[in-house]
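Topology and contacts: notes
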Amino acid sequence: MKPNRRKELKNVKSYRPSKKASTRPLIFPDLHEKYEDEMEDLLQYDGTEEIEIPGTFLGEIPASTNLPVNHLVKMLDMSKTTFYRVKQEVMLDMDTVDKLSAVFKIYDRGAEAFEGEEAFDDWMNTKIATLGNRRPIDMLSKENGRVAVLEAIDRVEYGVYG
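Residues numbered from 1 in each chain as written. Predicted model: local features only at pLDDT ≥ 70, side-chain atom pairs only at ≥ 80, totals over all residues. Heavy atoms only, no water.

Observations regarding the packing of helix α7 (residues 117-124) against helix α8 (residues 143-158)
Closest axis-to-axis distance for the α7/α8 pair is 13 Å, and the angle between their directions is 120°. Taken together, the axis directions place α7 and α8 in an arrangement best described as oblique. For the crossing formed where α7 meets α8, the hand is right-handed. Between α7 and α8, the contacting residues are Phe120, Trp123 and Met124 on the first element and Val149, Ala152, Ile153 and Val156 on the second. In terms of residue class, the contact of α7 with α8 is made up of 7 nonpolar, no polar and no charged. (Axes fitted to C-alpha atoms, helices over the stretch in contact; angles between N-to-C directions. Helix = DSSP H or I, 4+ residues; strand = E, 2+ residues; numbered from the N terminus. Parallel < 35°, antiparallel > 145°, perpendicular 65-115°, else oblique. Left-handed = near helix turned anticlockwise from the far one by under 90°. Contact = heavy atoms within 4.5 Å. Nonpolar A, V, L, I, M, F, W, Y, C, P; charged D, E, K, R; others polar.)

Comments concerning the packing of helix α2 (residues 36-44) against helix α6 (residues 94-113)
As a packed pair, α2 and α6 sit with axes 8 Å apart at the nearest point and diverge in direction by 90°. Regarding the angle of α2 to α6, the classification is roughly perpendicular. Along the contact surface, α2 presents Met39, Leu42 and Leu43, while α6 presents Val97, Leu100, Ser101, Phe104, Lys105 and Asp108. When the residues that make up the contact of α2 with α6 are grouped by side-chain class, the tally is 6 nonpolar, 1 polar and 2 charged.

A closer look at the packing of aromatic side chains
Throughout the structure, instances matching the rule amount to 9 aromatic pairs. With centroids separated by 5.1 Å and ring planes inclined at 90°, the aromatic side chains of tyrosine 35 and phenylalanine 57 adopt a geometry described as edge-to-face. Here tyrosine 35, found in the loop between α1 (29-34) and α2, pairs with phenylalanine 57, found in helix α3 (residues 55-64); they are 22 residues apart in sequence, far enough to count as distant. The same class applies to tyrosine 35 and to phenylalanine 57, which are both buried. Members of the aromatic cluster, connected to one another through ring pairs, are Phe28, Tyr35, Phe57, Phe104, Tyr107, Phe114, Phe120 and Trp123. (Phe/Tyr/Trp six-rings, centres within 6.5 Å; stacked < 30°, edge-to-face > 60°. Buried < 20%, exposed > 50% of the residue type's maximum accessible area, 1.4 Å probe, protein only.)

Here's what the structure looks like:
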């Protein structure tokens, strides 16, 4: 019997970047336009070295994406008060960077699998049977929830529902 290996988003194997970077959907284009380097750093982040993401980047997410502050603070497992304090800091702490990177990687994979951000957003807000009739967006605050959502995206992409 093989030991059960726990998947982690920090592990490069758990996140497969799009094969065709030039043809993949671009997540959060307004944010990408303002913070191109930071977006690329977050999507390439593997947890092995520190990256610098300015606090203003966090503050720009709700205005430049379809993610309201209420959802974003849940995904990052922080209070609204902490969110408003952190967005004014010079640089984000690595725990926030790690969680933000994981969420962006999920949105990147989802936009690829669903061939666009709008269809993926609809899916994220729908109760999914294979996720215990929970909405994927509600599962992003913890590592095991993020892994489950990535696995569900893979099942959708490959037509395996079960």
